[in-house]
Protein chains: 2
Amino acid sequence: IKSHTDGKDLAIPEAIVELMDPIPASVAVGTTVAAAVEAVRRAQVPTELTYLYITDEGDRLVGLVVLRDLMLSEADATVDQIMLASPFALHVDMPLSEACKAAVRRHYPVYPVVDAENRLLGQVRGWRLFEQQIIEISAQSGQMVGVQKEERSFTPLFSAFLKRHPWLQLNLLTAFIAAFVVGSFTGTIEKIVALAAFLPVLAGQSGNTGCQALAITLRGLALGDVDKRPKLHLVLREGALGIANGLLVGLVAAAAMWFYASRQPESASQAPMLALVILLAMSGSCLMSGISGVLIPLGLRRVGADPAVASAIFLTTVTDIVGMGLMLGLATMLVL
Amino acid sequence: IKSHTDGKDLAIPEAIVELMDPIPASVAVGTTVAAAVEAVRRAQVPTELTYLYITDEGDRLVGLVVLRDLMLSEADATVDQIMLASPFALHVDMPLSEACKAAVRRHYPVYPVVDAENRLLGQVRGWRLFEQQIIEISAQSGQMVGVQKEERSFTPLFSAFLKRHPWLQLNLLTAFIAAFVVGSFTGTIEKIVALAAFLPVLAGQSGNTGCQALAITLRGLALGDVDKRPKLHLVLREGALGIANGLLVGLVAAAAMWFYASRQPESASQAPMLALVILLAMSGSCLMSGISGVLIPLGLRRVGADPAVASAIFLTTVTDIVGMGLMLGLATMLVL
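All of these numbers come straight from a predicted model, not from anything done at the bench. (Residues numbered from 1 in each chain as written. Chains lettered and ligands numbered in written order. Predicted model: local features only at pLDDT ≥ 70, side-chain atom pairs only at ≥ 80, totals over all residues. Heavy atoms only, no water.)

Trainee: Pulling in residues and values, what's your account of the sheet that holds strand β4 (residues 84-85) of chain A?
Mentor: Residue and element names in this part refer to chain A. As summarised here, the arrangement of the 4 strands in space is β1-β2-β3-β4, forming an open sheet in which the pairing is mixed. A strand with exactly one partner marks an edge of an open sheet, and here the two such strands are β1 (26-28) and β4. Here β1 pairs with strand β2 (residues 51-55) via 3 bridges, running parallel. From the neighbouring strand, S26 faces β2, where its bridge partner is Y53. (Pairing = 2+ DSSP bridges. Helix = DSSP H or I, 4+ residues; strand = E, 2+ residues; numbered from the N terminus.)

See the structure below:
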């Protein structure tokens, strides 16, 4: 367990060795069952004893025996006859994430850990790897908005501040890009001020649609679904959901715009056209949001980054620009 | 395993019975060790055999024996002498989430399952409960934006559409509230059109700050951190982070507003005051966002709902209204 004083506020293990327990009992190849039973009797940590490990003269792991087979075998048989030879083992230098993946597929109660020469170093209980996965996956919704994996509700305030703040400044920078887009249409907004009220509607709606696609993609990456089928399938799926949702939500928003604009004396005559603008902008931006919600995490992974990190920040940049840009651009073309 | 044809596209187990395996071996109280070893030899599913269960004449669970103790005991001893009496067991009617919590604290490889009369029904492997937890927690970032727990990347398109769409309409409804707030300041926007460009900045920034607090709170609820300390502590923590982040981000945004406004002839003289408005609005709305990010999931849980469900949708309603409302309200008061 790591010290809690070095600025790292939470001990998220990074190496297998941090999860490793000592080997409770091992015997040499050729040992008789009777002697092996005696080794089990002498084990230092009997409750941790799930397998009896079999090693060669160089302390290398050559097999393991399950207690049931040991119990049911003749006393003068040797462990070689009942052992599972060359058992699956974790390598001590394996990244923890890889060890977790290996464990999740196998579900063994305990995994032996070996070094590069296959020497037996210790064992890791299966539940520790599962627990690790749970902690990793529970970090995802925070990572999307710039909260680090390590942060939990008991992380010291200043440390949390230092780690979150740069992402908020990045978010601001991306918001300025969106603001610049809006700012380049001030002429349009001055003439049709109703559009200002619909800016947050477009941004919020396409942002939420995109975050739905993003969350499903990240979940699929975490659970291994995504790599089982063509990526294009996922892009098409979220694109289709985006445009279908955008069309229906757009119809309601268009009706609201029609109602709103027709009550303002200066925009009453433009109400139908403004409603059309909202419908087109909503459908188009939700289509783009769905697609971006798939492409952003896949792209982050492609460049070697964690697919979740700041993904929602990057996504809302796209959705803000496309959503508000489309609305103001279409309004400028179709209404003015 | 559930049928995949009944509209439920993914078999998320809801009851312990869906994860249950048969009991590999059990013997009656009073059985000798020799006879118990024989029962283990005859077990139908020997690889699943971790414990030998001990039952009374009514088939009720009274104890369990670990194989190591069975192996090391004298043949004419009885299992009563070596069993762990009244072992922890899952109740078949227990909600799965409760079973998961029980397992996560205990880390046993296998859990016996009993009915209300303590009759032994089967067993559940510990990894299945862990796996269940992983699937549950991986759903969180989607649930926040209205994607159901059941949805994965292979869920049929139409089913995903039907389940996501109502939440997007709800999101639209809440966006209209924010739009109504903006709409009630059209006079202000007409006079200072620079404010329109800062609407998405305020909304996006306070939304992201709030989502950071939301994610940490949901993570803490999932991992059990949150219930270990006073809730007020968490509210104060996220409030402090909100205002600290809001102040620093607000300074940068205020500088941008100053620069932007001073280049427009009609708002040049108002530039310093507009910058102050941005700073105050950003700090205030990020403070509110941080607090809301804690209170919304806790509130959802208090009323019996899943704390993650649509939490980001509710949160952004608050952050949109407070962020844009504060900016436009302060501008109306201080600048006009």
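Now that the structure has been shown, we can carry on.
Trainee: Describe the pattern of salt bridges, naming the residues involved and giving the relevant values.
Mentor: Here the structure, examined in full by the defined rule, presents 30 salt bridges over all chains. D227 of chain A is the partner of K231 of chain A in a salt bridge, and the nearest nitrogen-oxygen pair spans 3.4 Å. For K231 of chain A, a relative accessible area of 31% gives the class partly exposed. For the salt bridge of R60 of chain B with D56 of chain B, the shortest nitrogen-to-oxygen distance reads 3.1 Å. Overall, the relative accessible area of 33% leaves R60 of chain B in the partly exposed class. One network of salt bridges, with partners in common, ties together E151 and R164 of chain A together with R237 and E238 of chain B. (Salt bridge = Lys/Arg side-chain N within 4 Å of Asp/Glu carboxyl O. Buried < 20%, exposed > 50% of the residue type's maximum accessible area, 1.4 Å probe, protein only.)

Trainee: So what's going on with the domain arrangement of chain A? Which residues, and what values?
Mentor: You'll often see interface size given as the accessible area lost when the parts meet. For chain A, the assigned domains read domain 1 (16-138) and domain 2 (158-334). Its C-alpha centre places domain 1 of chain A at a distance of 51 Å from the equivalent point of domain 2 of chain A. (Domains from an automatic or database assignment.)

Trainee: Hey, could you go over the relation of the copies chain B and chain A for me, with residue numbers and the actual values?
Mentor: Structural alignment of chain B on chain A gives an RMSD of 0.0 Å, achieved by rotating through 180 degrees and translating 0.0 Å along the axis. Both chain copies can therefore be described as sitting about a two-fold axis. For chain B, the smallest separation between a C-alpha atom and the rotation axis is recorded for S141 of chain B, amounting to 2.4 Å. Of all interface residues in chain B, 100% are interface residues in chain A too; the two copies therefore contact each other through one and the same surface. (Least-squares fit on C-alpha atoms with pLDDT ≥ 70 in both. Contact = heavy atoms within 4.5 Å.)

Trainee: Could you give an account of the nonpolar core, naming the residues involved and the relevant values?
Mentor: In terms of nonpolar packing, the biggest core is built from 80 residues, with M327 of chain A together with M327 of chain B touching the most fellow members. Discounting chain neighbours no more than four positions away, the residues touching M327 of chain B are L195, F198, L199, L202, V277, I278 and A281 of chain B. Core analysis: the second largest hydrophobic core is formed by 40 residues, V65 of chain A together with A39, M71 and I82 of chain B among them. (Core = buried A, V, L, I, M, F, W, Y, C linked by side-chain atoms within 4.5 Å.)

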